[in-house]
Amino acid sequence: MARTFNLKLKQMDIPLIQGGMGVGISLGNLAGAVMQEGGMGVISLAHPGYRDPDFMKDPFLANSKGLKEEVAKARNISQGKGILAVNAMCAINRYDEYVKAALDAGVDAIISGAGLPLSLPAITQGHDVLIAPIVSSAKAAQLLLKSWDRHYNCTADFIVIEGPDAGGHLGFKPEELLEHTAKSVLDILEETKPIIQEYEDKYDRIIPIYVAGGMNTKEKIQEAIHHGASGVQVATSFIPTIECDADIKFKEMFLNHNQKELTLIKSPVGYYGRAIANPLSKQLEQGRVAPTYCLNCIKPCDFKVTPFCITEALIQAAKGNTEKGLIFSGMTIPTQTKLRHVKEVIEDLVGEVK
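In this convention, every chain numbers its residues from 1, walking through the sequence in written order. The predicted nature of this model means local features are confined to residues of pLDDT at least 70 and side-chain atom pairs, given and counted, to a pLDDT of 80 or more, with totals for whole chains, interfaces and linings taken over all residues. Side-chain descriptors were evaluated using all non-hydrogen atoms of the structure, hydrogens and water having been removed beforehand.

Participant: Describe in detail the packing of aromatic side chains, supporting the description with residues and values.
Facilitator: Ring pairs are drawn from Phe, Tyr and Trp, using the six-membered ring of Trp, whenever the two centres fall within 6.5 Å, and their geometry is named by plane angle: stacked under 30 degrees, edge-to-face over 60, tilted for the rest. For the structure shown, the criterion picks out three aromatic pairs. Geometrically, the ring pair formed by F60 and Y98 is edge-to-face, given 4.9 Å between the ring centres and 70° between the ring planes. Taken together, the residues span a long stretch of sequence, with F60 in helix α2 (residues 59-78) and Y98 in helix α3 (residues 95-105) at a distance of 38 residues. The rule is simple: take the accessible area with a 1.4 Å probe, protein chains only, and divide by the maximum for that residue type; under 20% is buried, over 50% is exposed, in between is partly exposed. By relative accessible area, which is 18% here, F60 ends up buried. A ring pair is formed by F250 and F254, whose centres lie 5.5 Å apart and whose planes are at 45°; its orientation type is tilted. For F250, a relative accessible area of 3% translates into the label buried. According to the relative accessible area criterion, F254 is buried, its value standing at 0%. A ring is scored as having a charge over it whenever the NZ atom of a lysine or the CZ atom of an arginine sits within 6 Å of its centre and within 35 degrees of its normal. Here the guanidinium or amino end of R94 rests over the ring plane of F60, the centre of that ring lying 4.1 Å away. Only DSSP runs of H or I with at least four residues qualify as helices, and only runs of E with at least two residues qualify as strands; both kinds are numbered from the N terminus onward.

Participant: Help me get a handle on the environment of A33, residues and values and all.
Facilitator: As for its position among the elements, A33 is in helix α1 (residues 28-36). Along the primary structure A33 and H151 are separated by 118 residues, whereas in three dimensions their C-alpha atoms are 37 Å apart. Excluding residues that lie within four positions of it along the chain, A33 makes contacts with I77, E243 and V342. It only takes one pair of heavy atoms within 4.5 Å for two residues to be counted as in contact.

Participant: Kindly report on the pattern of salt bridges, identifying the contributing residues and their values.
Facilitator: Salt bridges are identified by distance alone: a Lys or Arg side-chain nitrogen within 4 Å of an Asp or Glu carboxyl oxygen. One pass over the structure, following the stated rule, counts 13 salt bridges. Of the charged contacts, one joins E347 and K343 as a salt bridge, the two residues approaching to 3.8 Å between their closest N and O atoms. One end of the pair is E347 and the other is K343, both in helix α12 (residues 342-350) and four residues apart, which spans about a single turn. Since its relative accessible area comes to 42%, K343 is described here as partly exposed.

Participant: Give a detailed account of the sheet that holds strand β12 (residues 262-266), specifying residues and quantitative values.
Facilitator: Strand order across the open sheet formed by three strands is β9-β13-β12, with antiparallel pairing between neighbours. The open sheet has two free edges, formed respectively by β9 (168-170) and β12, since each of these has just one partner strand. Geometrically, the sheet is characterised by an average inter-axis angle of 35° between neighbouring strands, direction not taken into account. For two strands to count as paired, DSSP must find a minimum of two bridges between them. Here the axes come from fitting lines to C-alpha atoms, over the contacting stretch only for helices, and the angles between their N-to-C directions go from 0 to 180 degrees.

Participant: Lay out helix α7 (residues 185-203) with the relevant residues and their values.
Facilitator: Across its 19 residues, α7 extends 26 Å between first and last C-alpha, which sits within 8% of the 27 Å expected from 1.5 Å per residue. Taken together, the buried residues of α7 touch α5 (138-152), β8 (159-162), β10 (209-212) and α8 (218-226). In the stretch just after α7, D204 is the one whose phi turns positive, near 50°. Any helix carries an expected span of 1.5 Å times its number of residues minus one.

By themselves these figures say nothing about function.
The following block contains the structure:
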(Lines give C-alpha, C1' and ligand atoms only; values in the text may rest on other atoms or scores of the structure.)
Protein backbone atom coordinates (compact mmCIF):
# COMPACT_ATOMS: atom_id res chain seq x y z
CA MET A 1 0.00 0.00 0.00
CA ALA A 2 1.37 3.45 -0.96
CA ARG A 3 2.53 5.74 1.79
CA THR A 4 0.90 9.18 1.89
CA PHE A 5 3.04 12.28 2.33
CA ASN A 6 1.13 15.47 3.10
CA LEU A 7 2.65 18.89 2.55
CA LYS A 8 0.08 21.31 4.00
CA LEU A 9 -3.08 20.20 2.16
CA LYS A 10 -1.20 19.07 -0.92
CA GLN A 11 -0.58 15.37 -1.28
CA MET A 12 2.06 13.03 -2.64
CA ASP A 13 1.38 9.32 -2.80
CA ILE A 14 5.02 8.39 -3.30
CA PRO A 15 8.13 9.82 -1.57
CA LEU A 16 9.64 11.22 -4.75
CA ILE A 17 10.37 14.62 -6.27
CA GLN A 18 11.44 14.74 -9.90
CA GLY A 19 14.41 17.09 -10.06
CA GLY A 20 14.14 20.22 -12.20
CA MET A 21 16.29 20.06 -15.34
CA GLY A 22 16.77 22.94 -17.73
CA VAL A 23 16.82 24.09 -20.38
CA GLY A 24 13.89 22.14 -21.77
CA ILE A 25 14.56 18.74 -20.18
CA SER A 26 11.84 18.81 -17.50
CA LEU A 27 8.80 20.68 -18.74
CA GLY A 28 5.10 19.86 -18.60
CA ASN A 29 5.25 16.45 -20.19
CA LEU A 30 7.74 14.92 -17.75
CA ALA A 31 6.39 16.78 -14.73
CA GLY A 32 2.83 15.72 -15.54
CA ALA A 33 3.83 12.07 -15.94
CA VAL A 34 5.51 12.08 -12.50
CA MET A 35 2.52 13.80 -10.95
CA GLN A 36 0.19 11.22 -12.47
CA GLU A 37 2.07 8.58 -10.48
CA GLY A 38 1.54 10.57 -7.28
CA GLY A 39 4.93 12.31 -7.07
CA MET A 40 6.06 15.91 -7.29
CA GLY A 41 6.69 16.93 -10.88
CA VAL A 42 9.05 19.85 -11.43
CA ILE A 43 9.21 22.25 -14.38
CA SER A 44 12.51 24.08 -14.75
CA LEU A 45 12.23 27.88 -14.80
CA ALA A 46 15.37 28.01 -16.95
CA HIS A 47 13.88 29.25 -20.21
CA PRO A 48 10.66 27.22 -20.52
CA GLY A 49 9.82 29.41 -23.53
CA TYR A 50 13.00 28.73 -25.48
CA ARG A 51 11.01 27.38 -28.45
CA ASP A 52 8.83 30.51 -28.71
CA PRO A 53 9.44 32.47 -31.94
CA ASP A 54 9.84 35.67 -29.91
CA PHE A 55 12.28 34.16 -27.41
CA MET A 56 15.34 36.07 -28.66
CA LYS A 57 13.42 39.36 -28.82
CA ASP A 58 11.82 39.18 -25.35
CA PRO A 59 12.95 36.12 -23.38
CA PHE A 60 11.06 37.03 -20.21
CA LEU A 61 7.73 37.34 -22.03
CA ALA A 62 8.38 34.13 -23.98
CA ASN A 63 9.35 32.28 -20.81
CA SER A 64 6.30 33.53 -18.89
CA LYS A 65 4.04 32.44 -21.72
CA GLY A 66 5.86 29.13 -22.09
CA LEU A 67 5.62 28.45 -18.37
CA LYS A 68 1.83 28.86 -18.36
CA GLU A 69 1.58 26.47 -21.30
CA GLU A 70 3.78 23.88 -19.58
CA VAL A 71 1.86 24.17 -16.30
CA ALA A 72 -1.40 23.63 -18.17
CA LYS A 73 0.10 20.62 -19.95
CA ALA A 74 1.29 19.07 -16.67
CA ARG A 75 -2.10 19.62 -15.03
CA ASN A 76 -3.88 18.01 -17.96
CA ILE A 77 -1.60 14.95 -17.92
CA SER A 78 -1.65 14.50 -14.14
CA GLN A 79 -5.46 14.44 -13.88
CA GLY A 80 -5.44 16.06 -10.46
CA LYS A 81 -2.78 13.83 -8.93
CA GLY A 82 0.52 14.79 -7.36
CA ILE A 83 2.11 18.18 -6.73
CA LEU A 84 3.43 20.61 -9.34
CA ALA A 85 6.57 22.60 -8.59
CA VAL A 86 9.03 24.80 -10.43
CA ASN A 87 12.77 24.90 -9.92
CA ALA A 88 14.08 28.48 -9.83
CA MET A 89 17.82 29.20 -9.77
CA CYS A 90 18.75 32.09 -7.50
CA ALA A 91 21.41 33.03 -10.04
CA ILE A 92 18.95 34.06 -12.75
CA ASN A 93 18.34 37.72 -13.47
CA ARG A 94 14.80 38.88 -12.72
CA TYR A 95 14.51 36.07 -10.18
CA ASP A 96 11.66 37.80 -8.33
CA GLU A 97 9.70 38.28 -11.55
CA TYR A 98 10.17 34.67 -12.61
CA VAL A 99 8.94 33.42 -9.25
CA LYS A 100 5.91 35.70 -9.57
CA ALA A 101 5.28 34.32 -13.05
CA ALA A 102 5.27 30.83 -11.54
CA LEU A 103 2.79 31.99 -8.89
CA ASP A 104 0.58 33.49 -11.60
CA ALA A 105 0.77 30.19 -13.50
CA GLY A 106 -0.65 28.43 -10.43
CA VAL A 107 2.11 26.07 -9.31
CA ASP A 108 1.94 24.31 -5.95
CA ALA A 109 5.58 24.74 -4.90
CA ILE A 110 8.73 26.77 -5.55
CA ILE A 111 12.02 24.89 -5.16
CA SER A 112 15.05 27.15 -5.32
CA GLY A 113 18.81 26.54 -5.41
CA ALA A 114 22.05 27.61 -7.16
CA GLY A 115 22.46 30.03 -4.27
CA LEU A 116 20.38 30.66 -1.15
CA PRO A 117 16.84 31.96 -1.83
CA LEU A 118 16.88 34.41 1.07
CA SER A 119 14.11 36.60 -0.38
CA LEU A 120 11.73 33.81 -1.41
CA PRO A 121 9.26 34.28 1.50
CA ALA A 122 8.86 37.96 0.62
CA ILE A 123 8.09 37.17 -3.02
CA THR A 124 5.57 34.45 -2.20
CA GLN A 125 3.89 36.17 0.75
CA GLY A 126 0.11 35.92 0.53
CA HIS A 127 0.17 32.96 -1.85
CA ASP A 128 -0.85 29.41 -0.99
CA VAL A 129 2.38 27.89 -2.23
CA LEU A 130 5.03 25.63 -0.71
CA ILE A 131 8.55 27.06 -0.58
CA ALA A 132 11.70 24.96 -0.34
CA PRO A 133 15.43 25.63 -0.60
CA ILE A 134 18.03 23.33 -2.09
CA VAL A 135 21.10 23.13 0.15
CA SER A 136 24.34 21.16 0.07
CA SER A 137 25.43 21.53 3.70
CA ALA A 138 24.06 21.81 7.21
CA LYS A 139 25.66 25.27 7.39
CA ALA A 140 23.66 26.48 4.39
CA ALA A 141 20.45 25.06 5.86
CA GLN A 142 21.08 26.80 9.16
CA LEU A 143 21.86 30.14 7.51
CA LEU A 144 18.78 29.98 5.31
CA LEU A 145 16.32 28.88 8.00
CA LYS A 146 17.68 31.41 10.47
CA SER A 147 17.24 34.19 7.90
CA TRP A 148 13.66 33.19 7.02
CA ASP A 149 12.80 32.92 10.72
CA ARG A 150 14.34 36.27 11.64
CA HIS A 151 13.16 38.35 8.69
CA TYR A 152 9.84 36.75 7.75
CA ASN A 153 8.75 34.74 10.78
CA CYS A 154 8.37 31.62 8.66
CA THR A 155 10.20 28.44 7.80
CA ALA A 156 10.56 26.04 4.88
CA ASP A 157 7.70 23.76 3.90
CA PHE A 158 10.27 21.14 2.90
CA ILE A 159 14.00 21.00 2.15
CA VAL A 160 16.04 19.33 -0.57
CA ILE A 161 19.59 18.31 0.35
CA GLU A 162 21.68 17.86 -2.78
CA GLY A 163 24.76 15.69 -2.41
CA PRO A 164 27.94 15.48 -4.51
CA ASP A 165 26.53 12.78 -6.82
CA ALA A 166 23.81 15.06 -8.16
CA GLY A 167 23.72 16.52 -11.64
CA GLY A 168 23.63 20.11 -12.83
CA HIS A 169 25.09 22.86 -10.66
CA LEU A 170 26.75 21.53 -7.50
CA GLY A 171 27.41 23.31 -4.23
CA PHE A 172 30.83 21.74 -3.67
CA LYS A 173 34.43 22.71 -4.38
CA PRO A 174 35.89 21.17 -7.56
CA GLU A 175 38.63 19.36 -5.62
CA GLU A 176 35.98 17.75 -3.38
CA LEU A 177 34.22 16.45 -6.48
CA LEU A 178 37.37 15.38 -8.32
CA GLU A 179 38.97 13.70 -5.31
CA HIS A 180 35.67 12.30 -3.99
CA THR A 181 36.23 13.92 -0.61
CA ALA A 182 32.89 15.70 -0.36
CA LYS A 183 30.56 14.50 2.38
CA SER A 184 27.93 12.03 1.23
CA VAL A 185 24.36 13.20 1.05
CA LEU A 186 23.46 10.91 3.99
CA ASP A 187 26.24 12.44 6.11
CA ILE A 188 24.91 15.90 5.27
CA LEU A 189 21.43 14.67 6.17
CA GLU A 190 22.61 13.54 9.62
CA GLU A 191 24.24 16.92 10.26
CA THR A 192 21.17 18.81 9.06
CA LYS A 193 18.47 16.93 10.98
CA PRO A 194 19.11 18.66 14.35
CA ILE A 195 18.91 22.06 12.64
CA ILE A 196 15.61 21.15 11.00
CA GLN A 197 14.33 19.82 14.31
CA GLU A 198 14.87 23.23 15.92
CA TYR A 199 12.53 24.89 13.42
CA GLU A 200 10.05 22.03 13.48
CA ASP A 201 9.75 22.58 17.23
CA LYS A 202 9.46 26.35 16.91
CA TYR A 203 6.80 26.25 14.18
CA ASP A 204 5.12 23.08 15.45
CA ARG A 205 5.24 21.33 12.11
CA ILE A 206 7.12 18.62 10.25
CA ILE A 207 9.60 19.89 7.66
CA PRO A 208 10.13 16.98 5.26
CA ILE A 209 13.67 16.47 4.00
CA TYR A 210 14.30 15.06 0.52
CA VAL A 211 17.80 13.96 -0.44
CA ALA A 212 19.17 14.17 -3.97
CA GLY A 213 22.17 12.80 -5.84
CA GLY A 214 22.71 9.16 -6.72
CA MET A 215 19.26 8.03 -5.59
CA ASN A 216 18.91 5.62 -8.49
CA THR A 217 17.90 2.38 -6.78
CA LYS A 218 15.20 1.23 -4.42
CA GLU A 219 17.87 0.16 -1.92
CA LYS A 220 19.46 3.61 -1.80
CA ILE A 221 16.08 5.26 -1.39
CA GLN A 222 15.14 2.82 1.37
CA GLU A 223 18.43 3.62 3.14
CA ALA A 224 17.81 7.37 2.86
CA ILE A 225 14.35 7.00 4.39
CA HIS A 226 15.76 4.83 7.20
CA HIS A 227 18.24 7.66 7.91
CA GLY A 228 15.35 10.08 8.39
CA ALA A 229 14.64 11.47 4.94
CA SER A 230 10.99 11.79 3.97
CA GLY A 231 11.90 10.85 0.43
CA VAL A 232 14.23 11.61 -2.45
CA GLN A 233 14.67 13.90 -5.41
CA VAL A 234 15.56 12.09 -8.64
CA ALA A 235 16.49 13.69 -11.97
CA THR A 236 18.93 11.81 -14.23
CA SER A 237 16.92 8.57 -14.09
CA PHE A 238 14.04 10.37 -15.79
CA ILE A 239 16.04 11.58 -18.79
CA PRO A 240 15.95 8.32 -20.82
CA THR A 241 12.16 8.15 -20.63
CA ILE A 242 9.57 8.47 -23.35
CA GLU A 243 7.92 11.35 -21.47
CA CYS A 244 11.08 13.45 -20.95
CA ASP A 245 10.74 16.76 -22.82
CA ALA A 246 14.20 16.71 -24.42
CA ASP A 247 15.05 15.70 -27.99
CA ILE A 248 15.53 11.97 -28.60
CA LYS A 249 19.25 12.49 -29.34
CA PHE A 250 19.73 14.02 -25.90
CA LYS A 251 17.96 11.08 -24.27
CA GLU A 252 20.06 8.60 -26.21
CA MET A 253 23.21 10.07 -24.66
CA PHE A 254 22.04 8.41 -21.45
CA LEU A 255 21.66 5.05 -23.14
CA ASN A 256 25.09 4.98 -24.75
CA HIS A 257 27.37 6.39 -22.04
CA ASN A 258 28.46 5.57 -18.50
CA GLN A 259 29.87 7.43 -15.50
CA LYS A 260 33.45 6.94 -16.72
CA GLU A 261 32.62 9.49 -19.41
CA LEU A 262 31.58 12.24 -16.99
CA THR A 263 33.47 15.49 -16.54
CA LEU A 264 33.20 18.71 -14.52
CA ILE A 265 32.40 22.05 -16.14
CA LYS A 266 32.71 25.46 -14.49
CA SER A 267 29.43 27.18 -15.29
CA PRO A 268 28.95 30.92 -15.81
CA VAL A 269 26.46 30.56 -12.96
CA GLY A 270 29.50 30.34 -10.67
CA TYR A 271 29.25 26.68 -9.72
CA TYR A 272 30.80 23.52 -11.09
CA GLY A 273 28.49 21.06 -12.78
CA ARG A 274 28.79 17.45 -13.86
CA ALA A 275 28.23 16.64 -17.53
CA ILE A 276 28.79 13.91 -20.10
CA ALA A 277 32.05 14.58 -21.93
CA ASN A 278 31.48 15.67 -25.53
CA PRO A 279 33.09 17.99 -28.12
CA LEU A 280 31.89 21.09 -26.22
CA SER A 281 33.40 19.98 -22.91
CA LYS A 282 36.68 19.17 -24.69
CA GLN A 283 36.69 22.61 -26.32
CA LEU A 284 36.19 24.22 -22.92
CA GLU A 285 39.20 22.31 -21.56
CA GLN A 286 41.28 24.07 -24.22
CA GLY A 287 39.89 27.55 -23.60
CA ARG A 288 36.98 29.90 -24.15
CA VAL A 289 34.04 29.19 -26.46
CA ALA A 290 32.87 32.74 -27.12
CA PRO A 291 29.08 33.19 -27.06
CA THR A 292 27.29 34.44 -30.16
CA TYR A 293 24.57 36.35 -28.30
CA CYS A 294 23.59 37.45 -24.79
CA LEU A 295 20.18 37.32 -23.17
CA ASN A 296 21.46 38.80 -19.88
CA CYS A 297 19.97 35.85 -18.04
CA ILE A 298 22.53 35.00 -15.34
CA LYS A 299 23.66 37.43 -12.63
CA PRO A 300 27.37 36.48 -12.40
CA CYS A 301 27.83 36.18 -16.18
CA ASP A 302 29.86 38.78 -18.12
CA PHE A 303 29.34 38.37 -21.86
CA LYS A 304 32.82 39.70 -22.65
CA VAL A 305 34.72 37.16 -20.56
CA THR A 306 32.38 34.24 -19.84
CA PRO A 307 33.98 30.93 -20.86
CA PHE A 308 30.79 30.01 -22.75
CA CYS A 309 27.07 30.80 -22.87
CA ILE A 310 25.29 28.26 -20.73
CA THR A 311 21.88 29.21 -22.15
CA GLU A 312 23.06 28.60 -25.69
CA ALA A 313 24.74 25.33 -24.69
CA LEU A 314 21.70 24.01 -22.83
CA ILE A 315 19.28 24.98 -25.61
CA GLN A 316 21.47 23.22 -28.15
CA ALA A 317 21.44 20.12 -25.94
CA ALA A 318 17.66 20.15 -25.48
CA LYS A 319 17.26 20.41 -29.26
CA GLY A 320 19.45 17.35 -29.76
CA ASN A 321 22.78 18.93 -30.71
CA THR A 322 24.94 16.66 -28.57
CA GLU A 323 28.21 18.06 -29.91
CA LYS A 324 27.68 21.75 -29.14
CA GLY A 325 25.26 21.24 -26.27
CA LEU A 326 25.95 20.87 -22.54
CA ILE A 327 24.78 17.44 -21.35
CA PHE A 328 24.33 17.83 -17.60
CA SER A 329 24.13 14.52 -15.74
CA GLY A 330 24.16 13.04 -12.29
CA MET A 331 26.89 10.63 -11.25
CA THR A 332 24.68 7.58 -11.77
CA ILE A 333 23.70 7.26 -15.43
CA PRO A 334 20.89 4.70 -15.83
CA THR A 335 22.09 1.29 -17.04
CA GLN A 336 19.55 0.67 -19.75
CA THR A 337 19.58 0.26 -23.52
CA LYS A 338 16.16 1.62 -24.47
CA LEU A 339 13.78 4.35 -23.39
CA ARG A 340 11.25 3.50 -20.70
CA HIS A 341 8.07 5.09 -19.41
CA VAL A 342 8.13 7.26 -16.29
CA LYS A 343 5.76 4.78 -14.63
CA GLU A 344 8.33 1.99 -15.04
CA VAL A 345 11.13 4.11 -13.57
CA ILE A 346 9.02 5.05 -10.55
CA GLU A 347 7.95 1.46 -9.94
CA ASP A 348 11.62 0.43 -9.93
CA LEU A 349 12.58 3.25 -7.56
CA VAL A 350 9.82 3.43 -4.98
CA GLY A 351 7.55 0.46 -5.48
CA GLU A 352 6.64 -0.79 -1.99
CA VAL A 353 9.19 1.49 -0.29
CA LYS A 354 8.34 1.55 3.42
